[in-house]
Amino acid sequence: MKLFEVYPRYEVEPVKGNGCYVWDKDGNQYLDLYGGHAVISVGHSHPHYIQRIQDQLNQIAFYSNSVKMSIQDDMARKLGELSGYDSYSFFLCNSGAEAIENALKVASFHSTKKKVIVFDKAFHGRTSLAIEATDGEKIKAPVNHTGNFIRLPLNDEEALEQHLNDSIGAVLIEGIQGISGVHIPSDDFLKKIEFLCQKFNVPFIIDEIQSGYGRSGKFFAHQYADVKPDIITVAKGMGNGFPVSGVLVNPNIQSWMGMLGTTFGGSHLACAAGLAVLEIMDKELLIDNSAKMGELLQTALTSIEGVEEVRGRGLMIGVTLDRPAKPVRDTLVFNHRIFTGSSTDPNTLRILPPLSIGKKEVDQFLSTLKHVLS
């Protein structure tokens with residue numbers, strides 16, 4: 001049997017990681033400024049992360065959600081403490097797309113309606129509802145079209161006011177759009193969504209799958225706007241590579257037995273990984289570091305010749321160049337051994353390093369990019 005080929009891949013095979021670096025099978029060291037789609041939040045092979053998982057593996061790795069698991073409660077408490085959402089409830093699942101599916105389901109149960117407002121250039125996942133919420137027809141199969149999603153321009157308050165009323169079942173927006181090249185919903189736009197959702201009793205969902213868990217310099221990117229959505233989805237950085245995701249739910253939304261379900265979500269190992277990440281973020285002040293290193297990076301990037309625009313918050317950064325980004329990314333990987341990310345905008349690099357990145361790594365990237373662009 002061979003693999004079902006769906007991924008364009010670099011001819012590089014990382015076999016070891018430590019902090020902000022990975023090594024290939026030939027022993028070459030690479031600076032990782034992409035973290036496998038913003039997944040590596042606390043750094044590769046962090047000793048506390050490894051120890052937490054090893055200790056749990058030596059006890060019990062898995063049992064289903066048909067029994068009590070105190071480690072789930074421990075993770076929920078720690079997440080509530082660090083995020084400021086301690087009054088919310090927490091549903092654990094496995095992937096970002098699964099979190100979106102469950103968030104939309106909860107919202108629709110609550111509102112009893114099925115129309116959902118989403119936005120241009122959004123990416124929410126590749127499963128049934130998540131892919132229909134995503135802006136990109138090429139990756140949608142015929143079965144993915146239900147007609148229940150209304151797509152509006154990002155940051156267009158007039159269009160929002162025209163479409164958001166009591167016939168809508170939910171509004172779904174990313175805290176920061178990622179794959180489109182890092183586009184930020186304005187604080188005023190998020191506040192307008194919150195106001196209209198409250199006016200018409202419409203559930204307000206914010207997708208923090210890529211922009212959450214400290215990446216923006218706050219725990220959640222939407223906290224810059226001082227809004228409080230009804231439902232928040234999380235994934236990527238929350239497990240530092242272990243598959244884990246979740247949905248935070250406002251206490252005004254009631255659950256009932258059998259409403260949601262998952263076989264593997266919230267396993268002992270997943271929660272051990274998730275707890276380790278939260279503990280490391282807390283102890284090592286990684287959210288503060290994300291804000292500090294992000295500001296350093298973004299300020300310096302704007303002064304590099306060949307950079308047309310820099311967008312982002314914290315360590316979620318889009319860098320639009322005056323030329324196609326792919327040759328630049330290729331040169332960075334193969335000539336200078338630095339990983340960066342792509343986007344659907346062909347001229348934009350994405351920078352999504354571990355939140356533990358230091359000034360040494362930032363300076364290395366800046367000097368290398370300046371050399372490559374010149």
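Our subject is the structure listed above.
My aim in this report is to walk through the structure given alongside it, one point at a time.

Conventions and cut-offs
Residues numbered from 1 in each chain as written. Predicted model: local features only at pLDDT ≥ 70, side-chain atom pairs only at ≥ 80, totals over all residues. Heavy atoms only, no water. Helix = DSSP H or I, 4+ residues; strand = E, 2+ residues; numbered from the N terminus. Expected span 1.5 Å × (residues − 1). Buried < 20%, exposed > 50% of the residue type's maximum accessible area, 1.4 Å probe, protein only. 1 Å grid on protein atoms, 1.4 Å probe; cavity = no way out; pocket = protein on both sides within 12 Å on 5 of 7 lines; lining within 4 Å. Points joined across faces, edges and corners; volume = space filled by probe spheres on them. Nonpolar A, V, L, I, M, F, W, Y, C, P; charged D, E, K, R; others polar. Pairing = 2+ DSSP bridges. Axes fitted to C-alpha atoms, helices over the stretch in contact; angles between N-to-C directions. Contact = heavy atoms within 4.5 Å. Parallel < 35°, antiparallel > 145°, perpendicular 65-115°, else oblique. Left-handed = near helix turned anticlockwise from the far one by under 90°.

Before going further, it helps to examine helix 11 (residues 359-373). Along an α-helix, residues three or four apart share an orientation, since each turn contains 3.6 residues. The first and last C-alpha atoms of helix 11 sit 21 Å apart over 15 residues, in line with the 21 Å expected at 1.5 Å per residue. Buried within helix 11 we find E361, V362, F365, L366, T368, L369, V372 and L373.

Over the atoms rolls a probe the size of a water molecule, and its path tells where empty space is left. All chains considered together, the criterion is met by 1 cavity of 30 Å³ or more. Roughly 40 Å³ of volume is contained in the largest cavity.

By volume, the second largest pocket amounts to about 680 Å³. The wall of the second largest pocket is formed by 25 residues, among which F90, F91, L92, S255 and L260 lie closest to the centre. If you list the elements that add at least two residues to the lining of the second largest pocket, you get helix 3 (70-83), strand 4 (89-93), helix 4 (96-111) and strand 10 (245-249). Class assignment for the residues of the lining of the second largest pocket results in 13 nonpolar, 11 polar and 1 charged.

Attention shifts here to the sheet that holds strand 9 (residues 231-234). Strand order in the open sheet formed by 7 strands is 4-10-9-8-7-5-6, and the pairing between neighbours is mixed. Both edges of this open sheet fall to strand 4 and strand 6 (149-152), since each of them pairs with a single strand only. Adjacent strand axes in the sheet meet at a mean angle of 20° when their direction is disregarded. Summarising the sheet, strand 4 and strand 10 pair through 5 bridges and their orientation is antiparallel. When the bridges of strand 10 are listed, C93 appears paired with S245. Helix 3 contacts strand 4 and strand 10 of the sheet and is inclined by roughly 120° relative to strand 4. Taken strand by strand, helix 7 (residues 187-200) contacts strand 5 (116-119), strand 7 (170-174) and strand 8 (204-207), and its axis lies near 165° from that of strand 7.

Turning to the pairing of strand 2 (residues 21-24), a few remarks are in order. Burial along strand 2 is two-sided: the face carrying Y21 and W23 and the face carrying V22 and D24 are both buried. In terms of strand pairing, strand 1 (residues 14-18) meets strand 2 through 4 bridges, oriented antiparallel. The residue bridging N18 from the neighbouring strand is Y21, located in strand 2. In this antiparallel pair of consecutive strands, strand 1 and strand 2, the connection spans 2 residues, and G19 shows a positive phi of 60°. When strand 2 meets strand 3 (residues 29-32), the two strands line up antiparallel, connected through 3 bridges.

A separate point is the packing of helix 10 (residues 325-334) against helix 11. At a closest axis distance of 11 Å, the pairing of helix 10 and helix 11 adopts a crossing angle of 125°. Considered as vectors, helix 10 and helix 11 are oriented oblique to each other. For helix 10 against helix 11, the interelement crossing comes out right-handed. Contacts between helix 10 and helix 11 pair V328, T331 and L332 from the former with F365, T368, L369, V372 and L373 from the latter. For the contact of helix 10 with helix 11, the per-class residue count stands at 6 nonpolar, 2 polar and no charged.

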